[in-house]
Amino acid sequence: MKKTIVICGATATGKTEHAVVLGKYFDTAVISADSQLIYKGLNIGTAKPTLAEMENIQHYMIDIIEPNLSFSVAEYTTMAEPIIANIEAQEKPPILCGGTGFYIQSLLFKRSLGTVGRDNQFRKYYQELAKLKGNTYLFEELKKVDIQTAEKLHVNDVNRVIRALEIYALTGKKKSEQVEGFSPKREYIAIAFDYDRDTLYTKINQRVRNMLKLGWIDEVQQLLKQGVMPDMQSMQAIGYKEVISYLSNCIGYNEMLELIQRKTRNYAKRQITFFKKFPNLTWISPNTNIVKKVKELL
RNA sequence: GCCUCGGUAGUUCAGUUGGUAGAGCAAGGGACUGAAAAUCCCUGUGUCGGUGGUUCGAGUCCGCCCCGAGGCA
């Protein structure tokens, strides 16, 4: 079985185009690992590859869900797993490309995610509870049922505290019982581009400016017309809410631009932190010959 | 020219009745097991515009100068 080729790293480092180059060379398909590219209608703002950019290389896990729906890693894994298995069956190396480290992990490592789905009612209830009684109250609730998980979390990490409570409420089992660690599921090589911070930030700033020029604002208007609401998961993608604020005259154009640039920079930094710890990842200089490098690593 | 208000961390500003400074944001570092472009944690020394003075001691009071905003001529 061929090893999976992973192209990951921060946003705006040219992952997409390099994946296409590799796709051509190895005559194989690309599987996107990006939590926002899955949404239909979010194109410019997510830097979704266009048909032209894909250059006839098959791309999976893009445009697979309506923008008014929510999505999660688990669903991602369930959908992507058969695809990747199919490519492997053809004795071709799957190319996994994207900036969502969490999604990449889910395909490379066996993880005890459990079978517990999301319970929106439950989450809403506890979110309200946190607002009314404070984060500490929720945290104490978690301590009562699952002290091990509570010890790993911070009181203010409400999302995770609620998830732990959710698992207990729905299954009667502790989240800490489900942990299995990270045993590898398939062989892979992983590459990320190592830009110095200043260069990366400059690239990000330019890219955001360009997205707006390409019609990002129209795209957002279109989504709003379709009934997509600001609190939906798809609208948590960087920039969309800022464009909405601009459209409703809450902020000016420049403020919107700078806000989006800043948030994207912050995001890139978080991605870098995540990938620093990623096992077996090779950081390469941006002008490295990707094909040569990949062959070398394989 | 006169009057008023400002000039404090990269930035926006706090700084009680004088005891050599502190928040948000930025920036940097980190976490991450069904919201992950999300969520969360840690890190704050800077000629307190300059310069004289009063004082044991001044960002804080007084004089002069420089810069910015506004007002009156």
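So, here's what we can say about the structure.

The rules behind these values
Residues numbered from 1 in each chain as written. Chains lettered and ligands numbered in written order. Predicted model: local features only at pLDDT ≥ 70, side-chain atom pairs only at ≥ 80, totals over all residues. Heavy atoms only, no water. Helix = DSSP H or I, 4+ residues; strand = E, 2+ residues; numbered from the N terminus. Expected span 1.5 Å × (residues − 1). Buried < 20%, exposed > 50% of the residue type's maximum accessible area, 1.4 Å probe, protein only. Contact = heavy atoms within 4.5 Å. Pairing = 2+ DSSP bridges. Core = buried A, V, L, I, M, F, W, Y, C linked by side-chain atoms within 4.5 Å.

With respect to helix α12 (residues 253-276)
And then number 1: Between its terminal C-alpha atoms α12 stretches 35 Å, which fits the 34 Å expected from 24 residues at 1.5 Å a residue.
And then number 2: Within the span of α12, buried status applies to M256, L257, I260, Q261, T264, A268, Q271, I272 and F275.
And then number 3: Buried residues belonging to α12 abut β1 (4-8), α4 (101-108), α9 (197-213), α10 (216-225), α11 (240-247) and β8 (281-284).

Concerning the sheet that holds strand β7 (residues 188-193)
And then number 1: One open sheet accounts for six strands, arranged β3-β2-β4-β1-β7-β8; its pairing is parallel. The open sheet terminates on both sides in strands that have one partner only, identified here as β3 (59-60) and β8.

Concerning the nonpolar core
And then number 1: Of all hydrophobic cores here, the largest spans 70 residues; its most connected members are I7, L22, I31, Y76, L96, I104 and I290.
And then number 2: When neighbours within four sequence positions are excluded, I104 is seen to be in contact with V6, C8, A33, L96, G98, F275 and F278.
And then number 3: The next biggest cluster of nonpolar side chains, apart from the first, holds 14 residues, and it includes L142, A150, V158 and L165.

A short note on the pairing of β1
And then number 1: Here β1 lies mainly inside the structure; five of its five residues are buried.
And then number 2: The side-chain alternation of β1 yields two buried faces, one formed by T4, V6 and C8 and the other by I5 and I7.
And then number 3: Sheet topology note: the β1/β7 ladder contains five bridges and is parallel. Residue pairing in the sheet places V6 in a bridge with A190 of β7.
And then number 4: As defined by bridge partners, β1 adjoins strand β4 (residues 95-97) across three bridges and the pair is classed as parallel. By the bridge assignment for β4, I5 is matched with I95.

Purely spatial values, then, with no claim about function.
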